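Results of the structural survey
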Amino acid sequence: MTRVDTADTGQEGAGRRDTGFATGRAHIRRALRFATGPGPWKRGLVLAALALLLGLLMLLHTQITDRWGLGSLVETFLPWFGLFVPVLLAGALWRRSASAVAALLLPVTVWLSLFGGLLGDKSHSGSDLTVASHNVDADNPDPAGTARDLAVSKADVLALEEITAQARPVYEKGLAKAYPYHTVQGTVGLWSKLPLSDTRPVDIKMDYGPLADTKPVDVKLSYARALRTTVVTDQGPLAVYVAHLGSVRVFPRNGFWTDSRDRGAKALAEAVAAEPMERVVLLGDLNGTTDDRAFAGITSRLRSVQDAAGDGFGFSWPAKFPVARIDQILVRGVQPRSSWVLPATGSDHLPVAAGISW
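Below, the structure is looked at part by part.

Parameters at a glance
Residues numbered from 1 in each chain as written. Predicted model: local features only at pLDDT ≥ 70, side-chain atom pairs only at ≥ 80, totals over all residues. Heavy atoms only, no water. Helix = DSSP H or I, 4+ residues; strand = E, 2+ residues; numbered from the N terminus. Buried < 20%, exposed > 50% of the residue type's maximum accessible area, 1.4 Å probe, protein only. Polar contact = N/O pair within 3.5 Å; in protein donor to acceptor, adjacent residues only side chain to side chain. Contact = heavy atoms within 4.5 Å. Expected span 1.5 Å × (residues − 1).

Further remarks concern unusual backbone geometry. Across the chain, the bulk of peptide bonds are trans and the bulk of non-glycine residues have phi less than zero. The residue after Trp-317, namely Pro-318, is reached through a cis peptide bond having omega -10°. Following the sequence through the fold, Pro-318 ends up in the loop between helix 12 (305-309) and strand 12 (327-332). Although it is not a glycine, Arg-96 adopts a positive phi angle of roughly 55°. Counting through the fold element by element, Arg-96 comes out in the loop between helix 4 (84-95) and helix 5 (98-103). For Arg-96, a relative accessible area of 66% corresponds to the exposed category. Unlike most non-glycine residues, Glu-162 shows phi in positive territory, near 65°. Looking at the secondary structure, you find Glu-162 in the loop between strand 2 (157-161) and helix 8 (168-175).

Okay, the side chain of Ser-339 next. With respect to the helices and strands, the residue Ser-339 is situated in strand 13 (residues 335-341). Residue Ser-339 is classed as buried on the basis of its relative accessible area, which comes to 5%. A polar contact of 2.8 Å, which involves the side chain of Ser-339, links it to the side chain of Gln-306. If sequence neighbours within four positions are ignored, Ser-339 has contacts with Val-305, Gln-306, Ala-309, Gly-310, Asp-311, Arg-325, Ala-353 and Ala-354.

Since one α-helical turn is 3.6 residues long, residues separated by three or four positions face the same way. Helix length check: helix 2 (residues 45-59), at 15 residues, gives a terminal C-alpha distance of 21 Å against a target of 21 Å (1.5 Å per residue), a fit within 8%. Structurally, helix 2 contributes buried residues whose contacts are with helix 4, helix 5 and helix 6 (105-115).

Structure below.
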């Protein structure tokens, strides 16, 4: 048998080298595609940017200009900015964007730091005094029914705002049995189960301008929107303020108009600062939330019972679908025990109530 020798051409080795080279090139191409292609960290960059802007907006809301009332408008509805988080999260999951999900950590953290404390129930049972406040609405179609609802609220001290001259006798009659003591100054009043003393109107600069000083006192008193009185309790005297600050408006050209309210807030803050009594309660429709910078002079001296001892946000306006708590109960020198919102009446506001202790 004859053996035929063949020359070793090296083709087999060359094939192996070519295969290894091709494999390396494939790895490089995959790495380049991962680095430059639309991967999870590259997708959804617009969503990530929006999430960061949302977080910065809430974090730096005090730095927003108040020109055209923009700062106050943002702060009035600040808790609702949290609703953008699930919307952005849904977009991030749909786009499979890791960067957008990571960016959402900022607004979530900021929102929880601002409002997380309001999510739980901080109320405690038992109190020495129950106070309540209600803007009864000048256009209330059933003031008698509102009076009946408030008479059974079990509040020891009840403040009413936006009382018209026509409705005043209705409230006085409807609340007389439950509250033997009361005072009305202009459009605000206080009904109490305990004696009242040292009652007077508080000037919150509603009548403003060069002609204000020329008007008679009785004319000014007829539309007064704040008062101060002393409630005589078994634990000692309690200074109680009732206020209805000026309304706010949204105009196409002027934006969020708050001049009247802000002027009143400043005057009310000055009155509270000058109050000599240690124990103070402020009840009323302030036409703004405590997050609003306009109330810094008040909130630096008084604290919100809802924030300290409430359950949830306690939104009070509008009554049919509350989106903001503009009806406030603020205190100094007493201990907040509980805070809640009462059932709707014929008003466009919900009544608010709180329990306080010494």
